[in-house]
Every structure is written in structure tokens, then in C-alpha cells.
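Results of the structural survey
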Amino acid sequence: MDSYTKQMHFFGNTNVEELVSKYGSPLFVYNEDILRRQMRRVAGILPNHRFTANFSIKTNSNLTILKIANEEGLNADAMSPGEIFVLKKAGFPSDRIFYVSNNVSEEEMHYALDEGVMVSVDSLSQLEMFGRIAPGGRLSVRLNPGVGAGHHEKVVTAGKKTKFGIAAQDIPMIHEIAKKYDLHIVGLNQHIGSLFMDFQPYLDACRNFLHYAEDFDELEFLDFGGGFGTPYHKLADEQEFNLEPFKAALDDLLTEWKKTSGKDVLFKMEPGRYIVAEGGVLLGRVHAVKENYGHKYVGTDIGMNVLMRPELYDSWHDVEIYRDGSPVVDGPRDTYSVVGNICESGDIVAKDRDLPVTKEGDVAVVLDAGAYGFSMSSNYNNRLRPAEVLITSSGEDVLIRRRETLEDLLRCFDI
Ligand code: LLP
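Note that this is a predicted model, so its numbers are computed, not measured. (Residues numbered from 1 in each chain as written. Predicted model: local features only at pLDDT ≥ 70, side-chain atom pairs only at ≥ 80, totals over all residues. Heavy atoms only, no water.)

Notes on the pattern of salt bridges
With the rule as written, the count across this model stands at 22 salt bridges. Residue Glu72 is joined to Arg36 by a salt bridge in which the shortest nitrogen-to-oxygen separation is 2.8 Å. Placement of Glu72 in the loop between α4 (63-71) and β3 (75-78) and of Arg36 in helix α3 (residues 32-43) is noted, with a sequence separation of 36 residues between them. For the pair shown, Glu72 and Arg36 are each scored as buried. Beyond isolated ion pairs, a larger network of salt bridges with shared partners links Glu32, Arg36, Arg40, Glu71 and Glu72. (Salt bridge = Lys/Arg side-chain N within 4 Å of Asp/Glu carboxyl O. Helix = DSSP H or I, 4+ residues; strand = E, 2+ residues; numbered from the N terminus. Buried < 20%, exposed > 50% of the residue type's maximum accessible area, 1.4 Å probe, protein only.)

Okay, here's the thing in C-alpha cells:
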């Protein structure tokens, strides 16, 4: 049996060893074909309706990947002025960017409005702020439909226990404030959470959301949010998020709603992970193999500064071991924790995994690292953020972000 990455021909005409020798380690590597395949899938979610998919760039804001998303016709959602700024640099025009703001300052709100970007507000107090800044303006309001979902309580973004969105019972207040400032609520948006494999909670939330939407007369769009999952346990045959039954069920719901409500609006979604997670892996060199009181460790340069998810959410990422450019698939196996080089006991990429017997000099390949990987990386312990490489559709490797240097650690100091 070949490794997953080998089966996918993930590394094109190059191989893991060449990549690490050429660009250093740790290294994020993306596969253009997989990225484009996922982008096309989301762009086609609602073929029978007016629909656009917004790529949620908090998952991955590499300029080259954003340019690919732009080429594939995706719109984008932004969560900060920085994301708006980078999206514009990647070529997204203002009218294809949606700013899903949360607890922002007046300056930030102004920035988005000056850039000509549609803004969604997330609370009654921010609706007031918008009204003061842009009376008579057009905006979207983020509702909390009372239903949430997600892989960890930290990523559930709707329901009764989250800071996000305006509760349904406050809808009359939304109308009052809108009236006070002559605001035009042209959009409603929601996002119930991240990484669900069962689409039922999403559909239930859409149903609630559509019901609330009937109270708004000037609607031009409805944005249902993202959250579609990625099979992180693919080596154990976990199946991918099944789009087809989801598409059919949502299509029925929306067709029915259009009939009963008499409204014809643009539908939007904000997927992120589904688009980029599987198209990225993280390579890290094994520098030590050790045993501590009966526990075996594979010591790599993949610190939690490079991949935060396991530390933050106990997230699972499958790991493959490569030696001399080829996956190690046969031979003896053992149980190891794959750990990084950061001064924290929680610096664990993968805990107690059954892996081939691993040696110094091997390369650990962490799967499904394309979403919330680099974008959540940091300089903790004054470690450098890694480089990013794209394997193009023709199989070539291209550097799409250089590795940081020691000098980069000083760039904000006046010395
Ligand atoms: N739209 C909004 C308003 C969001 O807050 C998010 C994610 C998305 C869209 C995209 O969600 P996705 O399709 O990627 O699930 N760092 C966590 C996930 C945090 C998600 C935050 N919001 C992780 O690594 O699992």
C-alpha cells in the first residue's frame, strides 16, 4: 500500500527530500490541482440559484493561493483590515469582498467603508456605531440563529454560548436602530461553526435563518456561512464531507423558501477549511528519536508555533514518515508522539501514533495542514515562520512565500 501523498501524486515531479533540501524545514507545501478541485466544488454548490462562494481567507492568506481563488471566480470574506488589505493586493475588487466584522473600532469600520467593502455588523452596539459613521448606509447584519456546530467548543460560533451574532429575540431592535439611522439592511449572514461532517445542523440553521429573513424587506443577499469539514482521519478511511446530498437538500429548502417568501436574493457561503485543508501538508525534519519513561518521541522542527491546531483544540492530523524521498510504508512499527522544538510540554503534533520505526533524518509529513496552518503560526520562542511552496498543475515546485530570517524578528524595533 502506498502512502496517501504518494497516491495523490501530491509532490508532483519533485519529492519530499528534494523539497526540504531546497527550501528548508519546516515547510508548507500546497498542491494546486487539489486546491482548484475544491474551489470548483464550492463554486458549484447551488447551480440552480444565484450563488457565490466566499473563500474565508482566515484559513490561508497566501497571496498566490488567493490569486488562484480569484481566478476560480470565488469571492472572499475578511475578518480584519489586514485581510481586506491582502485581498485587494491579490486582485479582489471591493465588491467581491465581504467584511464580517466583530467588535471593531471606528477606525476599522471606516477603513472597510473607505475601501468600498460591504460590512456585516455583529451586535446592536456595532449597528449603532455603523449608523453614526455611515447614516443612510447599506450593510449586512450577522444573526445568531440559535443553532451551532463544530469540532470543538472553541469553534462553535452560533447557539446560546458564543459571542457571535445578534440573537433572534433582538431582531425588533435591529429594525429600530436601522430606522433611527436610515440604514438599509441588504444582507443577513450567519456562521454556525467550523468542521462538521454531518450537514443536518447547518440545514437546521439555514431553515431558522430563512425564517428570520422574512422580517427584512430590503434583502439582496443571504450568507449562510462556512464550516464544511475535512476528513482529518483519512488514513483510517474517514470519508469526505458528502456534498451531493447536502446540495440537494439545500436546493430544495431554498426553492421552497423562494416560493413561499416571494423573495429572490443572492445566496452566499463562506467555506474556508473545505477549500484549502487537504491541498496543504507540512513537512518537518526529524532531529531526534527518544524514549522517556516508556514513551517514545519523534522530535521534529514542527513546533506549535508552526501548527497550533493540535495544541489548541487537540486536533488530529494524520502523519506519514518519509525517508530519502520515499514514504516508509513497510517494516516494523512503533508507537510515538510526534513533537516539536518549543519550550512547552503541550508542543505535540500527534500523540501516541502507530508509525513506522522512525529515524533521525526522516521527514514527518503532516496531512491536511492547508487550513489554519500557516495563518495561525507565530514567532513564539522567536522561531521563524516557515516557507510555503506550491506544486503547480504541471508538477513543478514554486516558492510562494519565503522563510523568515533572523532579521525579520527585529523588523518592528527601532534599533
Ligand atoms: N465565516 C466566518 C464568519 C468564520 O468565523 C469562519 C471561521 C468561516 C467563515 C470559515 O469556516 P470554515 O469553513 O473554515 O470552517 N482555527 C479553527 C477554526 C476557526 C474557525 C473560525 N471561523 C481550526 O483550526 O479548526
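Notes on a nonpolar patch on the surface
Taken together, the side chains of Leu410, Phe413 and Ile415 define a hydrophobic patch exposed on the protein surface, amounting to about 370 Å² of accessible area. A residue is classified by how much of its surface remains accessible, and Ile415, at 83% relative accessible area, is exposed. (Patch = residues over 30% accessible without salt bridge, like charges linked within 9 Å, V, L, I, M, F, W, Y side chains within 5 Å. Areas by Shrake-Rupley, 256 points an atom, 1.4 Å probe, with all protein chains shown as cover.)

Quick notes on the site of the ligand
Near the ligand lie 20 residues; those nearest to it are Ser194, Glu270, Arg309, Tyr313 and Tyr372. Contact between the ligand and Glu270: a nitrogen atom at 2.5 Å from a side-chain N or O atom of the residue. Separating an oxygen atom of the ligand from a side-chain N or O atom of Tyr372 is a distance of 2.7 Å. If the ligand stood free it would expose 590 Å²; the protein chains cover 93% of that surface. Among the residues forming the shell around the ligand, the class breakdown is seven nonpolar, eight polar and five charged. Counting only domains with at least three residues in the shell around the ligand, you end up with domain 1 (4-29 + 278-410) and domain 2 (46-270). (Near = heavy atom within 4 Å. Polar contact = N/O pair within 3.5 Å; in protein donor to acceptor, adjacent residues only side chain to side chain. Nonpolar A, V, L, I, M, F, W, Y, C, P; charged D, E, K, R; others polar. Domains from an automatic or database assignment.)

Details of the packing of aromatic side chains
In this structure the tally under the stated criterion is 19 aromatic pairs. Plain terms: the ring middles of Phe98 and Phe221 are 5.5 Å apart, the flat faces sit at 85° to each other, and that makes the pair edge-to-face. You can see Phe98 sitting in strand β4 (residues 97-100) and its partner Phe221 sitting in strand β9 (residues 221-223), a full 123 residues away along the chain. Phe221 matches Phe98 in its accessibility class, with the two residues each being buried. Between Tyr202 and Phe246 the ring centres are 5.5 Å apart and the planes differ by 70°, which places this aromatic pair in the edge-to-face class. Note that Tyr202 is positioned in helix α9 (residues 200-213) and Phe246 in helix α10 (residues 243-261), a separation of 44 residues in sequence. (Phe/Tyr/Trp six-rings, centres within 6.5 Å; stacked < 30°, edge-to-face > 60°.)

Re the environment of Pro135
Looking at the secondary structure, you find Pro135 in the loop between α7 (124-133) and β6 (138-144). Owing to a relative accessible area of 55%, Pro135 belongs among the exposed residues under this scheme. Between the C-alpha atoms of Pro135 and His184, which are 49 residues apart in sequence, the distance is 9.4 Å. With residues up to four places along the chain from it excluded, the contact list for Pro135 reads Phe130, Tyr181 and Leu183. (Contact = heavy atoms within 4.5 Å.)

Focus on unusual backbone geometry
A negative phi holds for most residues other than glycine; trans holds for most peptide bonds. In this structure, Pro26 follows Ser25 across a cis peptide bond, with omega equal to 0°. Structurally, Pro26 is set in the loop between α2 (16-23) and β1 (27-31). For Asn103, which is not glycine, the phi torsion reads 55° and is therefore positive. With respect to the helices and strands, the residue Asn103 is situated in the loop between β4 and α6 (106-114). Residue classification places Asn103 among the exposed residues on the basis of a relative accessible area of 56%. Non-glycine residue Asp324 carries a positive phi angle of around 50°. Residue placement: Asp324 occurs in the loop between β13 (319-323) and β14 (326-327).

Considerations on the domain arrangement of the chain
One frequently used descriptor of interface size is the decrease in accessible area upon assembly of the parts. Partitioning the chain into structural domains gives domain 1 (4-29 + 278-410) and domain 2 (46-270). Computed from C-alpha coordinates alone, the two centres of domain 1 and domain 2 are separated by 33 Å. With both chains or domains summed, domain 1 and domain 2 bury close to 1,800 Å², and 55% of this area falls on carbon and sulfur atoms. Where domain 1 touches domain 2, the interface holds two salt bridges. A salt bridge links Asp368 to Lys234; its shortest N-O distance comes to 2.6 Å. Seen at the junction of domain 1 and domain 2, the total is 11 residue pairs in polar contact (both at pLDDT 80 or more). (Buried area = accessible area lost by both parts, 1.4 Å probe.)

Structural notes on the packing of α4 against helix α5 (residues 81-89)
The geometry of α4 relative to α5 is characterised by a closest axis approach of 9 Å and an angle of 65° between their N-to-C directions. Between α4 and α5, the angle falls in the class roughly perpendicular. Relative to α5, the crossing made by α4 is right-handed. Here Leu63, Leu66 and Lys67 of α4 come into contact with α5, specifically with Val86, Leu87 and Lys89. When its residues are assigned to classes, the contact of α4 with α5 shows four nonpolar, no polar and two charged. (Axes fitted to C-alpha atoms, helices over the stretch in contact; angles between N-to-C directions. Parallel < 35°, antiparallel > 145°, perpendicular 65-115°, else oblique. Left-handed = near helix turned anticlockwise from the far one by under 90°.)

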